[in-house]
Amino acid sequence: MRRELDISSNLDWITILLFGVMVFMGWLNIYAAVYDEEVNQSIWDFSLNSGRQLLFIITAIVLIAIIVILDMRFYETFGYLIYGSTLLLLILVFFIGKEVGGNKAWIGIGSFGGQPSEFAKVATALALAKYIGAVGFKMDRMRNQIILLGMIAIPMGLILLQKDTGTALVFGAFIFVLFREGMSPFLLIMGMAAALIFVLTLFVTNEYYLHAGIGVVLILLILLGKKTVKRIAILTIGALLIAGVIESVDYIITDVLKPHQQNRIKALVNPDADPLGYGWNVTQSKIAIGSGGFFGKGFLKGTQTKFDFVPEQSTDFIFCTIGEEHGWVGSFIVVVLFIVFLLRLIYLAERQKNRFARTFAYGVVSIFFFHFAVNIGMTIGLFPVIGIPLPFFSYGGSSLWGFTILLFVLLKLDAHRSQLLQRV
Amino acid sequence: MNEGRKLLFQALVLVTGIIFLVKLFSIQVLDTRYEDLANSNAILKQIEYPARGLIYDRNGKLLVYNTPEFDLLAIAREMDDFDSAKFCDVFDISSEELRQRFAEMKKRREYSPFKPTLLIDKLSNYDFAKIQDNLDEFKGLYIQARTTRGYASPSLANALGYVSEISKTQLERDSTHVYRQGDYIGQSGIEAYYEEHLRGTRGVRYKLRNVKGIEKGSFRNGEYDTLSVPGKDLVTGIDLDLQLYGEFLMQGKAGSIVAIEPATGEILSLISGPSYDPNLLTGKKYSSNFVLISSDTNKPLFNRPIMAQYRPGSIFKIAQAMVALQQKAISPDTRIPCDRSIIACHGTHSYEDLRGAIANSCNPYFHNVLRRVINKGIENDPYKDSRIGLAAWNKDMTSFGFGGKLGIDLPNEKDGLIPYPEYYDRAYNSPAWKFSNIYSLAIGEGENLVVPLQMANFAATVANRGYYYAPHIVKDIGEEGPLPTYNTKNYTTIDPAHFQVAVDAMQFVVEAGTGQWRAKLPDVIVCGKTGSVQNEPRPDHSVFIAFAPRDNPRIAISVYVEYSGQGGRAAASIASLMIEKYLYGQTKRPHIEQYVLNGEFLY
């Protein structure tokens, strides 16, 4: 009985407060994004995204209640089952899914619908945590690493097949989790280096400069470290691989990526090349945010977002409304909110004594971080346009519910951290 | 294990956040470009064009009005299933031309596939009626109406001027920034002179618009909007009937007729021949017509009444007489023998007084008169004496308005020339000139130059017995009267008493002298003077100035008919017909009219 009484005081209210503030701000900005002066509908109007978002918020609160009431052992016990059912849903999408906005990722029953891919994030995080949290798990066993990567790759692949590239990329964030739980940083570093070089290649028109740079770095590394045959061999192979990446960039851009994906990368490099064509999103998004100035144009006074210059202004590009109407001050508040939120989550993750809980917590951290970095990054022209929502701000039931579940399962586990067995 | 790796996560979060804040600061606060871009995106500056002022004649007849003209605009984004073959059929253009139009459209600076952009301009009312019914079959095509000028009658072209799209150089010179590309502006005539009054004030409305260019209400509740004010209507002193009659008489001739109401300086008619139909320089055919008209060897765009500089000829003798009287060089009774060994003369007279000399246009008489004016014996040195005499002569002569612009309300008025000492210094490259070098001035030949307007104004000055109002076309701007300068009486330096001599002489010219039978009217006393301006080897210009009635004159007139012989013929006939028409509303001398119409005067 004592446990039941304590649950509310054990929840991390700082995180809940941050969550509440962000959801509320998101709701106001969704209203601002779709507000039309001539029609002058109220924020409560259900024909507007803001009215519907309120329904989603209320539903999310019901979800929170269920998550908190459910036994804390539920999530670990049924981790694989939840994962399996989600995969089934992802497959089901191919047969009964609806196409929304070019992506066949929507599943609907009557007027209720949702995107299983949003829930697949929760399920994958749970499954990974369960696998890593199992007694006797050792990260340095190659078999374990392959199984874990497979657990990430299966939902990712299914979502890619639904042509929802953005959401699929989010699953890449789980690499961070494996890294935190002891995987060699090699994969992470190689991935980041490949991405960095990929982008560099786009900016540097003459690839021979890059090759020369790699050669210089290689020689320096060989001279500075131990000169064992094994080390020199590894470094040389690494350098050759990177050179290969550079050579393949052109091939990837022109032959592997779809035209709209190629354009998004081109727009990142030079949005002015075709401001009315592929550069439209980035250009308009930057104009909206940039025109906000220091204090912004004021609530409901934005012109760029309201008059559809910015695409998807209440979902993926919701940050434009904030930037335009509330200026740098508003952007600052939102970015700082996310920094504090993420640091708080890392703090929560680190205080878990149970490995399942900690792993899951890092899964949550990684997903929120990835969404935050990529979403805001794309609106201000630092990342290519990848259609993923800004947590708690973007309009949409599935994404809000997905993020809420992720967060509150973590908070539920955190509330019971002293009762969970320490298995590490 | 691996606790240290949490630091990496914290660092990653912080670094990402800080990069975002810096980048945001740079695009939101440091870079002001985005604000302008946002405004040009979403704020549409809509110009409300005021109606250009109308122009009336003195009797309230409409001369210039506004007529609708249509531009065809296209929004490229909406023209997905455009049927070009059908379009060519309906709009009656070739597919080649259509292709060219589209290419031009896409090259325009303001072109955007989302916004309406000009495809075909200046469709007339007639063109528009033809296509109107078919327009809704083409998606993405829109009609925009604006107004252009229409002319009630095919007359008065050079005085009214024309209106056309502002040129690039005019746009660059416009320091007030009133005009925008594509605006209409008065290019000549009173359309240009009264541009500021006619154009009105444009209104501006700032509209918000969405990405498709659809209006979304006013910007800041219209705080910055202004209303348009229509241009002011102009009432001219032109008598349209008289103007049309004058143009009718001048057909087939080169020259000009200027008729002025002496009591006010209002111009009753201003005829330049050959002329053109002002309606040719409006609408769609403007460009091609302008090329034709401006390259015509008869120079229809040359506004002769104010731009053609002629030697005045014998009509100048009236002015000479008055200057001489004023300078006491002669009296009205001074008789001088007609000594034809000095200078040629005509007729049978031999020893006339001033009135007779004017009536017979005696050349030796005026040769002698000018000698008396130029050489008064103030200095013994004939060069210095001539210098003093010419300066005094010039002062009196220019007080009639000769030798400088009268200030008519039309652009490009010419000065004419009344020689002055420094002029001959330059011409002879030394001050060594005297009367014998310049005596041609005596009979209105030599270096003298006048424009027809100045001669009409001179007739009006004599009619007024000593003063004139600067001749002007517009007598009323938006019910506020004419420009203030036209309310000023300009007095000559000549004693009004001497004008009576001139009036008597001019009456005598018509009743008994060179102007006799063609200029005379049965019920009214006409005062006039003939002139035949030499053009060796071609025929003389026929010149006549006149005013009538003798007392309380209502019309003063000058007529120049190029290369058509003696002033007593074509010019005197036309002048008297014009006077008759103005005073009585009709002419009753068909033989004179036939003489004018059938004479071969254009060589």
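Calculation rules
- Residues numbered from 1 in each chain as written.
- Chains lettered and ligands numbered in written order.
- Predicted model: local features only at pLDDT ≥ 70, side-chain atom pairs only at ≥ 80, totals over all residues.
- Heavy atoms only, no water.
- Helix = DSSP H or I, 4+ residues; strand = E, 2+ residues; numbered from the N terminus.
- Buried < 20%, exposed > 50% of the residue type's maximum accessible area, 1.4 Å probe, protein only.
- Contact = heavy atoms within 4.5 Å.
- Areas by Shrake-Rupley, 256 points an atom, 1.4 Å probe, with all protein chains shown as cover.
- Patch = residues over 30% accessible without salt bridge, like charges linked within 9 Å, V, L, I, M, F, W, Y side chains within 5 Å.
- Salt bridge = Lys/Arg side-chain N within 4 Å of Asp/Glu carboxyl O.
- Lys, Arg positive; Asp, Glu negative; His and termini not counted.
- Charge placed at Lys NZ, Arg CZ, Asp CG, Glu CD.
- Core = buried A, V, L, I, M, F, W, Y, C linked by side-chain atoms within 4.5 Å.
- Phe/Tyr/Trp six-rings, centres within 6.5 Å; stacked < 30°, edge-to-face > 60°.
- Lys NZ or Arg CZ within 6 Å of the ring centre and 35° of its normal.
- Expected span 1.5 Å × (residues − 1).
- Arc of directions from axis to C-beta.
- Polar contact = N/O pair within 3.5 Å; in protein donor to acceptor, adjacent residues only side chain to side chain.
- Axes fitted to C-alpha atoms, helices over the stretch in contact; angles between N-to-C directions.
- Parallel < 35°, antiparallel > 145°, perpendicular 65-115°, else oblique.
- Left-handed = near helix turned anticlockwise from the far one by under 90°.
- Nonpolar A, V, L, I, M, F, W, Y, C, P; charged D, E, K, R; others polar.
- Pairing = 2+ DSSP bridges.
- Buried area = accessible area lost by both parts, 1.4 Å probe.
- pLDDT = per-residue confidence, 0-100.
- Domains from an automatic or database assignment.

The helix and strand tally for chain A stands at 17 helices and 3 strands. Put simply, chain A has 424 residues, and 53% of those count as buried. Counted over contacts in chain A with a minimum sequence separation of 6, partners at least 24 positions apart contribute 69%. Surface exposure of chain A reaches about 18800 Å², of which carbon and sulfur atoms provide 70%.

Another point: a negative patch on the surface. Residues and elements named next belong to chain B. Side chains of Glu 78, Asp 80, Asp 81 and Asp 83 sit close together on the surface and give a patch of like negative charge. Tracing the backbone through its elements, the reader meets Asp 80 in the loop between strand E3 (62-74) and helix H3 (84-91). On the basis of relative accessibility, which here comes to 68%, the residue Asp 80 falls in the exposed class.

Before going further, it helps to spend a moment on the nonpolar core. In this structure, A:Phe360 and A:Phe392 are the most contacted members of the largest nonpolar core, which totals 121 residues. Discounting residues that sit within four places of it in the chain, A:Phe360 has contacts with A:Val122, A:Ala125, A:Leu126, A:Ala129, A:Leu406, A:Val409, A:Leu410 and A:Leu413.

A full pass over the atoms with the stated rule returns 47 aromatic pairs over all chains. Taking the centre distance of 5.6 Å and the plane angle of 85° together, the rings of A:Phe56 and A:Trp401 count as edge-to-face. Pair noted here: A:Phe56 is in helix H3 (residues 49-69) and A:Trp401 is in helix H17 (residues 397-415), with a separation of 345 residues, a long-range link. According to the relative accessible area criterion, A:Phe56 is buried, its value standing at 17%. Its relative accessible area of 16% is what places A:Trp401 among the buried residues. Clustering of aromatic rings is evident, with ring pairs tying together A:Phe19, A:Phe341, A:Phe368, A:Phe392, A:Phe403 and A:Phe408. Against the face of B:Tyr595 rests B:Arg518, its NZ or CZ located 4.3 Å from the ring centre.

With that settled, the discussion passes to helix H5 (residues 79-96) of chain A. All names here are of chain A. Taking 1.5 Å of rise per residue, the 18 residues of H5 would be expected to cover 26 Å, and the 25 Å separating its terminal C-alpha atoms lies within 8% of that figure. Listed in full, the buried residues belonging to H5 are Gly 79, Tyr 83, Thr 86, Leu 87, Leu 90 and Val 93. Down the axis of H5, the buried set is contained in an arc of 100°. They therefore lie on one face. Turned more than 90 degrees off the buried face of H5, the exposed positions are Leu 81, Leu 88 and Phe 95.

All names here are of chain A. Relative to the helices and strands, Pro 384 is located in the loop between helix H16 (355-379) and H17. By relative accessible area, which is 19% here, Pro 384 ends up buried. As a C-alpha pair, Pro 384 and Val 365 span 19 residues in sequence and 22 Å in three-dimensional space.

This brings us to unusual backbone geometry. For the peptide bond that leads from B:Gly273 to B:Pro274, omega is -5°, which places it in the cis range. Mapping B:Pro274 onto the fold places it in the loop between strand E12 (266-273) and helix H11 (286-294). Residues B:Ala548 and B:Pro549 are joined by a peptide bond in cis, for which omega reads -10°. Looking at the secondary structure, you find B:Pro549 in the loop between strand E19 (538-548) and strand E20 (555-561). Unusually for a residue other than glycine, A:Leu300 sits at a positive phi of about 70°. Here A:Leu300 shows up in the loop between helix H14 (280-290) and helix H15 (318-350). Its identity is not glycine, yet B:Glu479 carries a phi of approximately 60°, on the positive side. If you trace the backbone, B:Glu479 turns up in the loop between strand E16 (474-477) and strand E17 (489-491).

What follows concerns the side chain of B:Ser272. Residue and element names in this part refer to chain B. Residue position: Ser 272 is located in strand E12. Within the local environment of Ser 272, its side chain forms a polar contact with the backbone nitrogen of Arg 304, the two atoms lying 3.0 Å apart. Beyond its immediate sequence surroundings of up to four residues, Ser 272 is in contact with Asn 158, Gly 255, Phe 302, Asn 303, Arg 304 and Pro 305.

A separate point is the packing of helix H13 (residues 316-326) of chain B against helix H20 (residues 496-512) of chain B. Residue and element names in this part refer to chain B. Between H13 and H20, whose axes approach to 9 Å, the crossing angle comes to 150°. Relative to H20, H13 is oriented roughly antiparallel. The two elements H13 and H20 meet at a crossing, and its hand is right-handed. Only His 498, Phe 499, Val 501, Ala 502 and Met 506 of H20 make contact with H13, whose side of the interface consists of Ile 318, Met 322, Leu 325 and Gln 326. Among the residues making up the contact of H13 with H20, the classes are represented as 7 nonpolar, 2 polar and no charged.

Another aspect to go through is the sheet that holds strand E18 (residues 527-535) of chain B. The strands making up a sheet are joined through hydrogen bonds of the backbone, oriented either antiparallel or parallel. Residue and element names in this part refer to chain B. Strand order across the open sheet formed by 5 strands is E12-E11-E20-E19-E18, with antiparallel pairing between neighbours. One side of each edge strand has no neighbouring strand; the edge strands of this open sheet are E12 and E18. Taking the axes of each pair of neighbouring strands and ignoring which way they run, one obtains an average angle of 10° across the sheet. Bridge count between strand E11 (residues 255-261) and E12: 7 bridges; the pairing is antiparallel. The residue bridging Gly 255 from the neighbouring strand is Gly 273, located in E12. Against the sheet, H20 engages E18 and E19, with an angle of about 75° to E18. Across the sheet, helix H22 (residues 570-584) touches E11, E12, E19 and E20, and the angle it forms with E20 is around 150°.

Tallying the contact residues gives 38 residues for chain B and 50 residues for chain A. Between chain B and chain A, roughly 4000 Å² of surface is buried when both sides are summed, and carbon and sulfur atoms account for 73% of that area. Among the residues chain B hides against chain A, the three largest losses belong to B:Phe9, B:Phe20 and B:Gln28. Together they make up 18% of the total. Our count for the chain B to chain A interface comes out at 0 salt bridges.

As a further point, take the environment of B:Leu234. Residue and element names in this part refer to chain B. Note on placement: Leu 234 falls in strand E10 (residues 234-236). Along the primary structure Leu 234 and Ile 55 are separated by 179 residues, whereas in three dimensions their C-alpha atoms are 4.7 Å apart. Look past the residues within four positions of Leu 234 in its chain and what remains in contact with it is Leu 54, Ile 55, Tyr 56, Tyr 194, Leu 198, Val 474, Asp 476 and Ile 477.

Side chains of residues three or four places apart in an α-helix project in the same direction, reflecting 3.6 residues per turn. Residue and element names in this part refer to chain B. Among all positions in H11, only Tyr 286, Asn 289 and Ile 293 are buried. Burial along H11 is one-sided: seen end-on, the buried residues are contained in an arc of 70°. Exposed positions of H11 whose direction lies more than 90 degrees from the buried face are Val 291 and Leu 292. Looking at the buried side of H11, the elements it contacts are strand E6 (163-165).

For chain B, mean pLDDT is 86; residues scoring 70 or higher make up 95% of the total. Helix H19 (residues 452-463) of chain B holds the highest mean pLDDT among the elements of chain B, 96, whereas strand E1 (residues 43-48) of chain B holds the lowest, 69.

The next point concerns the confidence of the model for chain A. Here chain A averages 84 in pLDDT, and 87% of its residues register 70 or above. Within chain A, the element-level pLDDT minimum falls on strand E3 (residues 112-114) of chain A, averaging 58, and the maximum on H15(A), averaging 95.

All names here are of chain B. As for its placement among the helices and strands, Asp 476 is situated in strand E16. The buried charged residue Asp 476 lacks any salt bridge, with Lys 475 as its nearest oppositely charged partner at 8.2 Å. A polar atom in the side chain of Asp 476 sits 3.4 Å from the backbone nitrogen of Glu 480. Setting aside its immediate chain neighbours within four residues, Asp 476 contacts Asp 233, Leu 234, Val 235, Gly 481 and Pro 482.

Right, let's talk about the pattern of salt bridges for a bit. Residue and element names in this part refer to chain B. Counted by the stated rule, this structure contains 29 salt bridges over all chains. Arg 387 serves as the salt-bridge partner of Asp 425, at 2.6 Å between the closest nitrogen and oxygen. With Asp 425 in helix H17 (residues 421-428) and Arg 387 in helix H16 (residues 382-398), this pair connects stretches of sequence that are 38 residues apart. Given a relative accessible area of 17%, Asp 425 falls into the buried group.

Residues and elements named next belong to chain B. On domain assignment, one finds that chain B holds domain 1 (46-236) and domain 2 (240-288 + 302-598). The straight-line distance from the C-alpha centre of domain 1 to that of domain 2 is 45 Å. Buried area between domain 1 and domain 2, both sides added, is near 3100 Å², and the carbon and sulfur share of it is 59%. Linking domain 1 with domain 2 are 4 salt bridges, by the criterion used here. As a salt-bridge pair, Glu 266 and Arg 58 come within 3.2 Å of each other at their nearest N and O atoms. The tally of links between domain 1 and domain 2 comes to 11 residue pairs in polar contact (both at pLDDT 80 or more). Among the secondary structure elements, those contributing two or more residues to the side of domain 1 that touches domain 2 are E3, strand E4 (117-123), strand E5 (141-151), helix H6 (157-160), E6, helix H8 (189-193) and E10.

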